[in-house]
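Given next are the chains, with one letter for each unit.
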Amino acid sequence: MKIDYLKATYFFDYGHKAIQHIVASFTEKSVKEKAIGIYLRVRDEWRYDPYSISLAKNSYKASTIAAKDSGNCVEKSVLLIACLRALNIPARLHLGKVKNHLAVERLTEKFGSNELTPHGMVNVFLNGKWLKMSPAFNKTLCARFGVDPLDFDGENNSFLQQYNNEGSLFMEYVDDYGHFEDVPVEFMKRNIKEHYPHIFGTNDTTTEFKL
C-alpha cells in the first residue's frame, strides 16, 4: 500500500486557518524556497521548550501547536510537517533518542538523564529524495549555547549539531526509531514512561507535565 505523505490527518490538520495563515506568504515561491522558508519560520518563531510535556492526543495537533509560542522537538516537527504538506511537499515524522553533552545540568535534574526521547525531526521529500531536517533549536537558543543554528539548503540533510563552536561535543543520536506516516502518540507514551519512570508513572492518568 502506497503511503500518502501529503494528506491531512487529525494531527497534520493543515486545512485549519492557523496553518494556512503560517504558509500564506510562501505559496508563490518555488518548491525549494517554500521548504527552506517554512523550515526557518518554524525553527525560529516557536521557542524550543523540552520541559513542557503533554501525553494528551490533542496537544500534538498542528493547529494546537501553532497557537503557542513554544514547543518541544516533536511538537515543532509536527507543525513543520503540516506546513510542508499544506505547501504540497511530502513530509513525515522521524523519531529517535539523542544525548546532550552541553548545558545538561537542568536536563539531568529534571529527567534524571542527559538523554532525550523521543526526539522528533522531519523527513521531507525534495528532488526525488528524502532529506532530514530538525527545526527544534531556535536561533536565539543556539546563540546562548554557542552553537551554529541548523540551516537547511533544500539539497542536504540538516539534523545534527554534533559540536559547538568551540569544538566540544554537543549532541549525538544514540537510537533511531524510524519514520512514521502520522503521529504515533501511543508509541511516544510508552517510550516516555519506559525511559523516565520516576516522572511518568505507568498507571498515572496525568497528561500534562511542566518539569
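Here, every reference points to the structure presented above.
Residues numbered from 1 in each chain as written. Predicted model: local features only at pLDDT ≥ 70, side-chain atom pairs only at ≥ 80, totals over all residues. Heavy atoms only, no water.

### Observations regarding the overall build of the chain
In plain terms, the rule: A run of DSSP states H or I qualifies as a helix once it reaches four residues; a run of E qualifies as a strand once it reaches two. Both are numbered from the N-terminal end. When accessible area is computed with a 1.4 Å probe and restricted to protein chains, residues below 20% of their type maximum are described as buried, those above 50% as exposed, and intermediate ones as partly exposed. Contact definition: two residues touch when any of their heavy atoms are within 4.5 Å.
In terms of helices and strands, the chain carries 7 helices and 8 strands. Once the C-alpha set of the chain is aligned to its principal axes, its extents read approximately 45 × 45 × 35 Å. Residues classed as buried in the chain amount to 50% of the 211 residues present. Of the contacts formed within the chain by residues at least 6 apart in sequence, a portion of 68% connects residues at least 24 apart.

### Side note on helix α7 (residues 185-195)
Among all positions of α7, only Val-185, Met-188, Asn-191, Ile-192 and Lys-193 are buried. Considering only its buried residues, α7 is in contact with β2 (52-54), α4 (73-86), β4 (91-100), β5 (115-126) and β7 (171-180).

### Regarding the pattern of salt bridges
Worth spelling out the cut-off: Between Lys or Arg on one side and Asp or Glu on the other, a salt bridge is scored when a side-chain nitrogen of the former is within 4 Å of a carboxyl oxygen of the latter.
As enumerated under the stated definition, the model contains 9 salt bridges in all. Each of the salt bridges in this network shares a partner with another, and the network as a whole consists of Arg-43, Asp-44 and Asp-151.

### What to know about the nonpolar core
Applied cut-off: Only buried residues count toward a nonpolar core. Its members are Ala, Val, Leu, Ile, Met, Phe, Trp, Tyr and Cys residues joined through side-chain atoms within 4.5 Å.
Residues Ile-19, Ile-38, Leu-79 and Leu-84 are the most contacted members of the largest nonpolar core, which totals 61 residues. Counting residues per element, this core draws most heavily on α4, which supplies 9 residues.

### Things to note about the packing of helix α2 (residues 31-45) against α4
What counts here: To get an axis, fit a line to the C-alpha atoms, keeping to the stretch in contact for a helix; angles then go from 0 to 180 degrees between the N-to-C directions. Here is the rule for angles: anything less than 35 degrees is roughly parallel, anything more than 145 is roughly antiparallel, 65 through 115 is roughly perpendicular, and the remaining ranges are oblique. Left-handed is the label given to a crossing in which the near helix is rotated counterclockwise from the far helix by less than a right angle, and right-handed is the label when the rotation is clockwise. Gly is placed with the polar residues, together with every amino acid not listed as nonpolar (Ala, Val, Leu, Ile, Met, Phe, Trp, Tyr, Cys and Pro) or charged (Asp, Glu, Lys and Arg).
With their axes 10 Å apart at the nearest point, α2 and α4 run at an angle of 150° to one another. Taken together, the axis directions place α2 and α4 in an arrangement best described as roughly antiparallel. In this structure, α2 meets α4 at a crossing whose hand is right-handed. The segment α2 lies against α4, with Ala-35, Ile-38, Tyr-39, Val-42 and Arg-43 engaging Lys-76, Leu-79, Leu-80, Cys-83 and Leu-84. Partitioned by chemical class, the residues of the contact of α2 with α4 number 8 nonpolar, no polar and 2 charged.

### Considerations on the environment of Leu-126
One can find Leu-126 in strand β5. Residue Leu-126 is classed as buried on the basis of its relative accessible area, which comes to 4%. Distance in space between the C-alpha atoms of Leu-126 and Ile-89 is 7.6 Å, their sequence separation being 37 residues.

### Details of the packing of aromatic side chains
Quick reminder of the rule: The criterion for an aromatic pair is that two Phe, Tyr or Trp rings (for Trp, the six-membered ring) have centres within 6.5 Å, with stacked assigned to planes under 30 degrees apart, edge-to-face to planes over 60 apart and tilted to the rest.
Considering all chains together, one arrives at 8 aromatic pairs under this definition. For the ring pair Tyr-39 and Phe-152, a centre distance of 5.8 Å and an interplane angle of 55° mean the geometry is tilted. Of this pair, Tyr-39 sits in helix α2 while Phe-152 sits in the loop between α6 (139-145) and β7; the two residues are 113 residues apart in sequence, bridging distant segments of the chain. We note that Tyr-39, like Phe-152, is buried. Taken together, a centroid distance of 4.8 Å and an interplanar angle of 80° make the contact between Tyr-48 and Phe-137 edge-to-face. Pair noted here: Tyr-48 is in strand β1 (residues 47-48) and Phe-137 is in the loop between β6 (129-133) and α6, with a separation of 89 residues, a long-range link. Residue Tyr-48 is classed as buried on the basis of its relative accessible area, which comes to 10%. For Phe-137, a relative accessible area of 9% gives the class buried. Aromatic ring contacts, followed pair by pair, group Tyr-5, Phe-125 and Trp-130 into a single cluster.

Fair warning: the whole summary comes from geometry, so function is off the table for now.
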